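Notes for the structure review
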Amino acid sequence: MKYVDEYRDGTLVRRYAERIRATVTRPWTIMEICGGQTHTIVKYGLDAFLPEGLTLVHGPGCPVCVTPLEMIDKALAIAARPDILFASFGDMLRVPGSGKDLLTVKAEGGMVRIVYSPLDAVALARRHPDKQVVFFAVGFETTAPATAMAVRQAKRLGLKNFSILCAHVLVPPAIDALLSSPANRVQAFLAAGHVCTVMGCEAYRPLAARHRVPIIVTGFEPVDLLQGVWLAVRQLEAGRAEVENQYARAVRPEGNRQARRLLEDLFEPVDRAWRGIGVIPKSGYRLRNAFAGYDAERRFETAGVGAQESSLCIAGLVLQGVKKPQDCPAFGVSCTPERPLGAPMVSSEGACAAYHRYRSYSIVSPSFPSPLAGEGRGGG
Ligand code: SF4
């Protein structure tokens, strides 16, 4: 296949659905890690194609959703300072902190700018030498290399007015933590393909072996996801627990060596809190000491920032696959995309936002007028 449309081909979707139905003999629970994968599943109603007892649960792979409240509050405190020009991706602006969000800070006079790349923030620093520019660096291993490039570029240019508030997180430690939890019910993972384009597949092999779970590196289109599910159930039914690469058109086993070297040079792994989940050992990046001058947490006083989650929000359980968004009493009632209580309702990759946006399509997508439509068990 050459074009993205071919990965949305209803005939192929049905073919993989039939393979899954022919393979499955008992109940299984599979987690897709990435919020982009969750959106595809909910948007196209892919879960409706699965046989009874085969359950897809949604994982913590939305970087906006897992950025801890404490970090959002630090961002708010830094962004409110009169000497700061705070640069952030757009979807972080409406993520609620304890009291407000970045959009409110902007409305109150804070200099908050939306950027599309960390290098845009470097450009801002060059244009505004009288301001300290702080970039809110959020994302998984996928986006971390661009942040590393920006810091390296700032150093090369000798910029003294650029730094990052680093909230980058790493996927393999999160999978490890989920599988080690007593509440875990996940028996196989669809790993996020884009993360593996950078990091490769090797980091997953020890996890698959230690926890006895299949891990399928999977893409983001409907055919990718159903093929990934089929590969997972094929392993589960055969009692195998291996790493397989469904997304071979983009992922090499070793990943992107140049990007990995860049990450290694600039960052070190540190313990990091995940929103709703808690601290996961060695699951975040921090700039190495040689780049400490570009670390906003070390440059600007943010200690003592308190964090108070909404007592109604069950995002932690949603992000661990224990609950689905509609299980939350606030879903669509006191929590909506217009007035979100938690990050999964804000982010374009959040599971709650996906269910809210696409729930009317969750039985079977009109994109796939399929003979399976009558056989599907219906989605959420
Ligand atoms: S629906 Fe809203 S309150 Fe409930 S878990 Fe999702 S983000 Fe939190």
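A brief structural summary. What you see is a predicted model, and the numbers here were worked out from it, not measured in a lab.

All right, on to the overall build of the chain then. Within the chain, the regular secondary structure consists of 16 helices and eleven strands. Against the globule reference of 21 Å for 380 residues, the chain gives a C-alpha radius of gyration of 21 Å, in line with a compact fold. When its C-alpha atoms are laid out on the principal axes, the chain stretches across 65 × 45 × 40 Å. Burial status across the chain gives 56% buried among its 380 residues. Within the chain, counting contacts between residues at least 6 apart in sequence, those at least 24 apart form 78% of the total. When the accessible surface of the chain is totalled, it reaches about 15,800 Å², and 51% of it is carbon and sulfur.

The subject of this paragraph is a positive patch on the surface. On the surface, a cluster of positive charge is contributed by Arg-252, Arg-257, Arg-260 and Arg-261. Tracing the sequence through the fold places Arg-252 in the loop between β9 (243-245) and α12 (257-266). Given the relative accessible area of 49%, Arg-252 is considered partly exposed.

Attention shifts here to unusual backbone geometry. At Arg-212, a residue that is not glycine, the phi angle is positive and equals roughly 55 degrees. Assessed through its relative accessible area of 53%, Arg-212 is described here as exposed. Its identity is not glycine, yet Lys-282 carries a phi of approximately 50 degrees, on the positive side. Locating Lys-282 in the fold gives a position in strand β11 (residues 278-287).

Let's shift gears to the side chain of His-58. In this fold, His-58 is placed in strand β2 (residues 54-61). Here the side chain of His-58 touches Glu-32 through a polar contact of 2.5 Å, side chain to side chain. Ignoring anything within four residues of it in the chain, the contact list for His-58 reads Met-31, Glu-32, Thr-38, Val-318, Leu-319, Gln-320, Gly-321, Lys-324, Pro-325, Ala-351 and Tyr-355.

So, about the site of the ligand. Within the structure, the ligand sits among Cys-313, Ile-314, Ala-315, Cys-328, Ala-330, Phe-331, Cys-335, Leu-341, Gly-342, Pro-344, Met-345 and Cys-352. When grouped by side-chain class, the residues that make up the shell around the ligand number eleven nonpolar, one polar and no charged.

Next up on the list: the packing of aromatic side chains. This model, assessed by the stated rule, comprises six aromatic pairs. Relative to Phe-135, the ring of Phe-89 has its centre 5.4 Å away and its plane inclined at 85 degrees; by these criteria the two rings are edge-to-face. On the criterion of sequence distance, the pair formed by Phe-89 in the loop between β3 (84-88) and α5 (102-107) and Phe-135 in strand β5 (residues 132-139) is long-range, its members being 46 residues apart. Under the relative-accessibility criterion, Phe-135 is labelled buried at 0%. Look at Phe-267 and Tyr-285: their rings are 4.9 Å apart centre to centre, the planes differ by 15 degrees, and that puts the pair in the stacked class. A residue pair is termed long-range when its members are at least 10 positions apart, and Phe-267 in strand β10 (residues 267-274) and Tyr-285 in strand β11 qualify at 18 residues. In this structure, Phe-267 and Tyr-285 share a single accessibility class: buried. The side chain of Lys-155 reaches across the aromatic face of Phe-291, ending 4.6 Å from its centre. When the ring centre of Tyr-7 is taken as origin, the NZ or CZ atom of Arg-249, which lies over that ring, is 3.6 Å away.

Rules of the game
Residues numbered from 1 in each chain as written. Predicted model: local features only at pLDDT ≥ 70, side-chain atom pairs only at ≥ 80, totals over all residues. Heavy atoms only, no water. Helix = DSSP H or I, 4+ residues; strand = E, 2+ residues; numbered from the N terminus. Rg over C-alpha atoms; globule rule 2.2 N^0.38 Å. Buried < 20%, exposed > 50% of the residue type's maximum accessible area, 1.4 Å probe, protein only. Contact = heavy atoms within 4.5 Å. Areas by Shrake-Rupley, 256 points an atom, 1.4 Å probe, with all protein chains shown as cover. Patch = residues over 30% accessible without salt bridge, like charges linked within 9 Å, V, L, I, M, F, W, Y side chains within 5 Å. Salt bridge = Lys/Arg side-chain N within 4 Å of Asp/Glu carboxyl O. Lys, Arg positive; Asp, Glu negative; His and termini not counted. Charge placed at Lys NZ, Arg CZ, Asp CG, Glu CD. Polar contact = N/O pair within 3.5 Å; in protein donor to acceptor, adjacent residues only side chain to side chain. Near = heavy atom within 4 Å. Nonpolar A, V, L, I, M, F, W, Y, C, P; charged D, E, K, R; others polar. Phe/Tyr/Trp six-rings, centres within 6.5 Å; stacked < 30°, edge-to-face > 60°. Lys NZ or Arg CZ within 6 Å of the ring centre and 35° of its normal.

In short, geometric facts, not functional conclusions.
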